[in-house]
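Residue strings, one per chain:
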Amino acid sequence: MAAANITWRQLISLLSTLIILLSLGAWVVDGFAPVGFLTLQTRSSRSRTIIEIHSTLSPETTDNVVTTTSSINNVLGEDKSSRNNNKGKRDDDDDTAAVNVVLTTGFESFNRDLYQKAGQLLPPQLNVNLQVFADSDIRSKKEEFSTAVQNADLFIGSLIFDYDDVVAVTQLLPFVKGPRLLFECATELMAYNKVGSFNMESKKGEDGSGGSDGPPPAIKAILNKFSSGKEEDKINGYLKMLKVGPDLLKFIPGEKASDLRCWLEAYRFWNQGGLNNVKAMLQLVVSRYLTEQQRKVLESLTLPELEITPDIGLLHPLLDGYASHPKSYMEWRLSSRTSDLAKQRKFTLAPNDSPRIALLLYRKHVITGQRYIQDLIRYFEASGFIPIPVFINGVEAHTIVRDWLTSQHEIEGVSRGTIVRDSTYKPKEAISVDAIVSTIGFPLVGGPAGSMEAGRNVDVAASLLERMDVPYIVASPLLLQSIPMWKSNGVLGLQSVVLYSLPELDGAIDTVVLGGLVGDKIALVPERVRKVCSRLRGWVNLRKTPPANRKVSILIYGFPPNVGAVGTAALLDVPNSLEKLLKRLREEGYDVGNFASDPDASGQSLVAALAICSENSVIAGGCDKMQAAIEQRMERARNGDETVPETLAKPGGGLAGATVLGKDMNFDELEKMLGKYMAKKVRKSWPEKERGPGVNMKGEMVVNGLQLGNIWITVQPLLGVEGDPMRLLFERDLTPHPQYVAAYEWMRLPEEKGGFGTDACIHLGMHGTSEWLPGQPLGNDRQSWPDELLGGIPNVYVYAANNPSESILAKRRGYGTLVSYNVPPYGRAGLYLELANLKDLVNEYRSGEDSRSDLRDAIRGSCERASITADVPYQFPVENSEGELDLSSVKVEDFDVWVAALSSYLITLEDRLFSSGLHTLGGQPTDKELLSYLNAYFEDKLPMDELENVIALSHEKQKSKEASNSFLSWLQAFADNFMGGNSEVGTQTSHEDPLKAEALKIVELLKRNTEEMDGVVTALNGGYVKPCPGGDLLRDGTSVLPTGRNIHALDPYRMPSQGAWARGQRAAEEILRQHQESNNGAFPETIAVTLWGLDTIKTRGEAIAIVLALVGARPVKEGTGRTVAFELIPLDELGRPRIDVLASLSGIFRDSFANVVDLLDDMFERASVAEESPDMNYIKKHCLDLEATGTERPAARLFSNPPGDYGSMVNEVVGNGDWDETESLGEIWRGRNTYAYGRSEGGGGVRSGTARPEVLDKLLSTTERVVQEIDSVEYGLTDIQEYYSNTGALKKAAENRKQVDPTTGAKKKVAVSIIEAFGGSDDNVPVKDVEGRSRYVVRCDFFLLSNSLKFCSSFLQFDCFFLSKHEDVLRMEYRSKFLNPKWRDAMLEQGSGGAYEVSQRMTAMVGWAATAEVDNFVFDQAAERYALDEEVAKRLQKNNPEAFKNVVR
């Protein structure tokens, strides 16, 4: 923070070092990362020395460095003898021509006017012709820009990062005659820096390498003098040295030092910014280009002094100059003098006791006078906050939090001895704040510089923010998009990474777009500033309100209706979780009525009562009659009525005195709460006769829930389109129905105005629907319904840890502070009933020598009863001449081969994993459950007895730790803060077997499931919930544990990862191999590939890699490792035709991976016009066919739902039974997916997404195969309805467009390839992803290779995936889960939630039967297991009558 105090001894040391370095040879540069390290390298024949200098997206200056006024020659520091030898200077015979200077701005296009004005202020003697371009001009004014650069004498570029822009500029820079100065640009551009003999061209070492990473120890020691010595502070230290460089180099003679100094001096002028400094920079570099004669004429021309703005400081519209630290700022801010000044200027100040909000601002925006900075401070003051506006360069954000800010939580922790502050903390300068708002984005540690290796310093940031324990919010205007573009398209591209992806790694929440560009200026949208202030107010009030007075709403789900879904969530036991949550809240001091003290209180009873209030007949009577309806059901339950949940028979119904609270609301009342603008939209979409669900007989909206003290529990309203799914096909601007809106508005309405007045809400489980409502895909605006309904209330969203995809929507669109919960334990399917009998017969046959022939008929009969022969078909004739089954004539060796294959299949089935039961929030796993996790993770690498020993060891360590917990906690905190790293005292296992050590770590992390409840409590306290990547244990390893964290996804610019690209290529090869074997060697012309957000995140982009490999393309990465293009592989290298691909995008993939969508679209466009034969390029072939019919954009290949909409609606149709012909389901999918996306769609303010049904129909008609990836054990084809409603319906849509095969009289079937890419192990194929641990099930002892069902008995391994036909996978899943008594019984133990899971799979079975094929034995055995088993049926009915109805209907 303070100035870099350099003693004379240090200065001499540094100066000597620079002289030595310069004497070694010419300066060159190995590499530069705009967000990483710049490696300046000196070369000689005997040694190499490297200095690391850091450059960032945000401007940097050194502290208190002063440059004296000097002449041009003094600044340049050149010997006269060296001038004439410098390259890149004007010829002596060209003294009269103007100097053409091109200056191009990237991330700072808002400074275009400033640069132009600076050029106008240059001395006329310099005769400068300055042309200023923004990065957008590189594309929109291509010819003008190209001509200007090719004729330029000098080129200056700043903050240029877009890959297309970088490519365009690099192609033109060689034409520049003189110096080329590029400041903080992309790696590829920085290599073009050149001033005289100084350049940054990449040089190879003598061994061909690019040199070592980082400076040698001696140089590191020097650099450390400029920083605190901490790793996270080195970036800032390197910059300080960079700024001191010009002052040191002026003492060093020679051309090499002079050229380097010129570049550094110019950079320092640019970095300090402001009109006069930019003018000085231009004057400096132009003078550098002049001829010797011109220099003599201009020797008297002095260079303006460097105008210095502090690197960091605080500002305010009423403050003259800048405050040096927060404490001095607050002394000024709270003074009576400031209050008097505000009154004089009619400036609204917040009261002195108002909440204090730290605002992190870009220094560059401050020194260039961006008006929005002052406006933002004014708005905060007017909203009742005292802003603490700290401007920084960008890389020092973490030092501000660490050294200058504290909080009440940290102060109390230090006082108790539970928190140890960092040694760099400055108590005389620091102040306490209530929240932190960053207008910068990027990672907290390193800012733009920390984004090269996303997540590199996440632990440091999380540690700082956890000690503060205040909300960390990102709110910023868009610097790369105009406001109209944001309004029409949402936040796009790199801007989304800056504001969302990277800050979320640090645990940022509630991101708000404050405005954007208007022309070249940054402007705020006042309503958005009010939004972030309202969000802040909600969090601050939550912290300041005592728990006993906090009002909390808990929302559970009940979608779809009428199938027992009330109180359910994916993988979560909602009733038990609700019960535990209420009891924990009581422990924390919340008023939960009598629930915690009533021994009969039950979460199951609360859910049952809410289910009653959700029935249409009860809603019709209105809110006032609901209490009586519940009491009537309680009486029926006590009388033994089996149609009523048994739990209501408990004393008091098990409700602990919970009563109905709500309101019947007319539309006029709703309008008062909602406001006329949004109410008008609702009224238009839902006229009086079509008010949607939740309306009583009077036409009023019924809002209801159960009240327990200050807790209100309600069922989230239905979406309102279940009975009319076609409505969304034609109404893109459909609003939520009135009762949906009324429920949220009444929940937020203060109690004194007739509402509940909630202080916070909890969405309990994955997932609700509010984040899916119409509005911006990313970057909420006033018209986004999630933004309207959530208002300013904190939204604590309890979400499954293994779904980082959909959780993004909850976080970004629904302002959800996520608290993750673990997946349930894993089970192994085992064998049961006839399958167990078959295994015994097979084992007996294979182990015995005598009487084996007697077992043949028994084995065959068992196979027929178990319907196994579809999976393990006979490889020999089994019928005699009379058409009867007869195995007597089968050769022994043939029958033995078949029995071996049968045995292998049974082993695979027996060993198959499934998710056993449901998880309870905050529940610590039992030893049995821990064993199941470990067994699934390690498979046969660790025997069961070893796993049991590990669990026992963990218990011993826990007891030991608890015995000395107080001392160890202090010691660990001390070690973490003063020794670095994350020391887990007492868990060192380096001396143990690595596998056992890993197992012990997993056990200890799983035991911390209790932190799930802690996370909810922390969020309700207005605190900071630590971040963690989302994923599951089997695939991602321990990085996703412990749960109870604010989960996040990955950087979308790094898709596909290196590992995913390798696996995707192999998968594509296997898909094509299968197809060729089934189709006489022919390649498929079109393959449909589903691209979903969840599997993309969890597999790091494998499905993307499959698309690329099928087309014949590969990813191109720029210097920071980010994917910037997909280039076509030459056909000669590819060795086969390019396969056309229909990419079916989920709505989340479409919105979350917009950059990938654009790159894929660009790839398909280039492929469609490639100079290749259509016979070898099916993309081009199909485009030519479409062009012949006059179809627009024939290269469109990326199809999804209408913009802002999600889902195919097929599952709703199936669930409601609103269909007759199976073909209609395919057409519903087609109708919902006609919108094409990509770089060539929209643009120019037009929202991306254009209906192109003709192109889609062409692709469907040529589709021969569909590819679907399954990324986890928890979500198989039969577990969730999204698979049949998308993959199955897509298959049906394609088949609808096939010609009738004259030989069969039926339309040709479309194959489906399923890739199971989830956890497992195989010693022969240890695939590891570069970002994390990835292990795959690769065992496949059976495989159908062709339509003739030819069986391959060899043990097949597809390297890293399990690839099979969908019908094979369906049978395997049904046998291992739904038809398995082991799975069934686990679900029956879960009460109403388990019954609902059974119901859902029954519906999914019907859906698959409608869109694909389901064997008859599945239906028969399902009936036997659930409907016809009297005991099971009775338990289902007691647990959840509505779900049971769906099972038997």
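Cut-offs and rules
Residues numbered from 1 in each chain as written. Predicted model: local features only at pLDDT ≥ 70, side-chain atom pairs only at ≥ 80, totals over all residues. Heavy atoms only, no water. Helix = DSSP H or I, 4+ residues; strand = E, 2+ residues; numbered from the N terminus. Buried < 20%, exposed > 50% of the residue type's maximum accessible area, 1.4 Å probe, protein only. Areas by Shrake-Rupley, 256 points an atom, 1.4 Å probe, with all protein chains shown as cover. Core = buried A, V, L, I, M, F, W, Y, C linked by side-chain atoms within 4.5 Å. Contact = heavy atoms within 4.5 Å. Salt bridge = Lys/Arg side-chain N within 4 Å of Asp/Glu carboxyl O. Polar contact = N/O pair within 3.5 Å; in protein donor to acceptor, adjacent residues only side chain to side chain. Pairing = 2+ DSSP bridges. Axes fitted to C-alpha atoms, helices over the stretch in contact; angles between N-to-C directions. Phe/Tyr/Trp six-rings, centres within 6.5 Å; stacked < 30°, edge-to-face > 60°. Arc of directions from axis to C-beta.

Colleague: Just give me the short version of the overall build of the protein, but keep the residues and values in it.
Modeller: Scanning the protein from N- to C-terminus turns up 59 helices and 43 strands. Across the 1449 residues of the protein, 63% fall into the buried class. With the model as given, the accessible surface of the protein reaches about 51,900 Å², and the carbon-plus-sulfur share is 49%.

Colleague: Tell me about the nonpolar core, and name the residues and values.
Modeller: Of all hydrophobic cores here, the largest spans 265 residues; its most connected members are Trp-263, Met-281, Phe-380, Ile-436, Ile-554, Leu-582 and Leu-606. For Ile-554, the residues in contact, after removing those within four places along its chain, are Leu-578, Leu-581, Leu-582, Ile-711, Trp-712, Ile-713, Thr-714, Ile-762 and Leu-764. Counting 87 residues, the second-largest nonpolar core is a separate cluster that includes Ala-1293, Met-1372, Trp-1408 and Ala-1433.

Colleague: Residue-level account of the pattern of salt bridges, with values.
Modeller: If you walk through the whole model with that rule in mind, you get 79 salt bridges. For the salt bridge of Glu-108 with Lys-364, the shortest nitrogen-to-oxygen distance reads 4.0 Å. With Glu-108 in the loop between strand E5 (99–105) and helix H4 (112–120) and Lys-364 in helix H16 (residues 363–367), the pair connects residues that are 256 residues apart, well separated along the chain. Neither residue differs from the other here; Glu-108 and Lys-364 are each classed as buried. When the shortest N-O distance is used, the salt bridge between Glu-834 and Arg-865 registers 3.1 Å. With Glu-834 in helix H34 (residues 833–847) and Arg-865 in helix H35 (residues 856–866), the pair connects residues that are 31 residues apart, well separated along the chain. Given the relative accessible area of 21%, Glu-834 is considered partly exposed. Several salt bridges share partner residues, and in doing so they unite Asp-871, Asp-1368, Arg-1371, Arg-1375 and Asp-1415 into one network.

Colleague: Lay out the environment of Arg-636 in plain terms, naming residues and giving numbers.
Modeller: With respect to the secondary-structure elements, Arg-636 resides in helix H27 (residues 626–638). Placed twelve residues apart in sequence, Arg-636 and Leu-648 show a C-alpha to C-alpha distance of 8.7 Å. Side-chain polar atoms of Arg-636 contact the side chain of Asp-641, separated by 3.0 Å.

Colleague: Any details on the sheet that holds strand E12 (residues 313–314)? Residues and values, ideally.
Modeller: Here we have seven strands laid out as an open sheet, ordered E12-E14-E13-E17-E18-E19-E20, and mixed in their pairing. Two strands lie at the open edges of the sheet, namely E12 and strand E20 (521–524), each paired on one side alone. In this structure, strand E13 (residues 356–362) lies alongside strand E14 (residues 386–392), joined through seven bridges in parallel fashion. Opposite Leu-360, over in E14, you have Val-390 as the bridge partner. Relative to E14, helix H18 (residues 397–404) is tilted by about 130°, and along the sheet it contacts E12, E13, E14 and strand E17 (435–438).

Colleague: Tell me what's going on with the side chain of Arg-1150, and back it up with residues and numbers.
Modeller: Summarising the element assignment, Arg-1150 is placed in helix H47 (residues 1147–1152). Taking the relative accessible area as the measure of exposure, Arg-1150 reaches 5% and is therefore buried. The contacts of Arg-1150, once residues within four sequence positions are left out, are Val-1157, Ser-1200, Asn-1201, Pro-1202, Pro-1203, Gly-1204, Asp-1205, Tyr-1206 and Tyr-1237.

Colleague: Run through the packing of aromatic side chains, naming residues and quoting values.
Modeller: Enumeration according to the criterion identifies 26 aromatic pairs in this entry. The interplanar angle of 65° and the centroid separation of 6.2 Å between the aromatic rings of Phe-1378 and Trp-1383 together place this pair among those described as edge-to-face. Of the two residues, Phe-1378 and Trp-1383, neither departs from the other in class, the shared state being buried. Relative to Tyr-1426, the ring of Phe-1378 lies with its centre 4.9 Å away and its plane at 20°, an arrangement referred to as stacked.

Colleague: Any chance you could break down unusual backbone geometry for me, citing the residues and the numbers?
Modeller: Note that the residue after Leu-1041, namely Pro-1042, is joined by a cis bond; omega there is -5°. Relative to the assigned elements, Pro-1042 resides in the loop between helix H42 (1033–1036) and strand E31 (1046–1048). The step from Met-1055 to Pro-1056 runs through a cis peptide bond, and the omega angle for that step is -10°. Tracing the sequence through the fold places Pro-1056 in the loop between E31 and helix H43 (1058–1078). Its identity is not glycine, yet Glu-184 carries a phi of approximately 55°, on the positive side. Counting through the fold element by element, Glu-184 comes out in the loop between strand E8 (180–183) and helix H8 (187–190). For Ser-867, which is not glycine, the phi torsion reads 55° and is therefore positive.

Colleague: Any chance you could break down the pairing of E13 for me, citing the residues and the numbers?
Modeller: When you tally the buried positions in E13, you get six out of seven residues, the bulk of the element. Relative to E17, E13 runs parallel, the two sharing four bridges. Pairing of Ile-357 across the sheet is with Ala-435, part of E17.

Colleague: Can you tell me about the sheet that holds strand E24 (residues 711–715), naming the residues and giving the values?
Modeller: Strand order in the open sheet made by the seven strands is E22-E23-E24-E21-E25-E26-E27, with mixed pairing throughout. With one partner strand each, in any of the chains shown, strand E22 (659–665) and strand E27 (816–821) form the two edges of the open sheet. Taking each pair of neighbouring strands and ignoring which way they run, the sheet shows an average axis angle of 25°. Where strand E23 (residues 701–708) meets E24, three bridges bridge the pair, whose relative direction is antiparallel. Within E24, the position partnered with Leu-706 by the bridge is Ile-713.

Colleague: Let's hear about helix H29 (residues 676–685): which residues, and what values?
Modeller: Of the residues making up H29, those classed as buried are Met-678, Ala-679, Val-682 and Ser-685. Here the buried residues of H29 occupy an arc of 130° about the axis, which is enough to place them on one side. Across from the buried face of H29, at angles greater than 90 degrees, the exposed residues are Lys-676, Lys-680 and Lys-684.

Colleague: Before we move on, could you go through helix H58 (residues 1430–1439) and cite the residues and values that matter?
Modeller: Taken as a whole, H58 has its buried residues at Val-1432, Ala-1433 and Leu-1436. Projected onto a plane normal to the axis of H58, the buried residues spread over an arc of 100° and lie on a single side. Away from its buried face by more than 90 degrees, H58 exposes Glu-1430 and Glu-1431. Those residues of H58 that are buried are in contact with helix H55 (1381–1388), helix H56 (1391–1411), helix H57 (1416–1427) and helix H59 (1441–1448). One side-chain oxygen of the residue at the start of H58 lies 3.2 Å from the amide nitrogen of Glu-1431, identifying that residue as Asp-1429.

Colleague: Outline the pairing of strand E39 (residues 1263–1270), supporting the account with residue identities and numerical values.
Modeller: Within E39, eight of the eight residues are buried, leaving the element largely enclosed by the surrounding structure. Alignment of strand E32 (residues 1086–1091) against E39, held across four bridges, turns out to be parallel. Across the sheet, Val-1089 pairs through a bridge with Val-1267, a residue of E39. As paired elements, E39 and strand E42 (residues 1311–1316) share six bridges and run parallel to each other. Within the sheet, the bridge partner assigned to Val-1267 lies in E42 and is Ser-1313.

What is shown is where atoms sit, not what they do.
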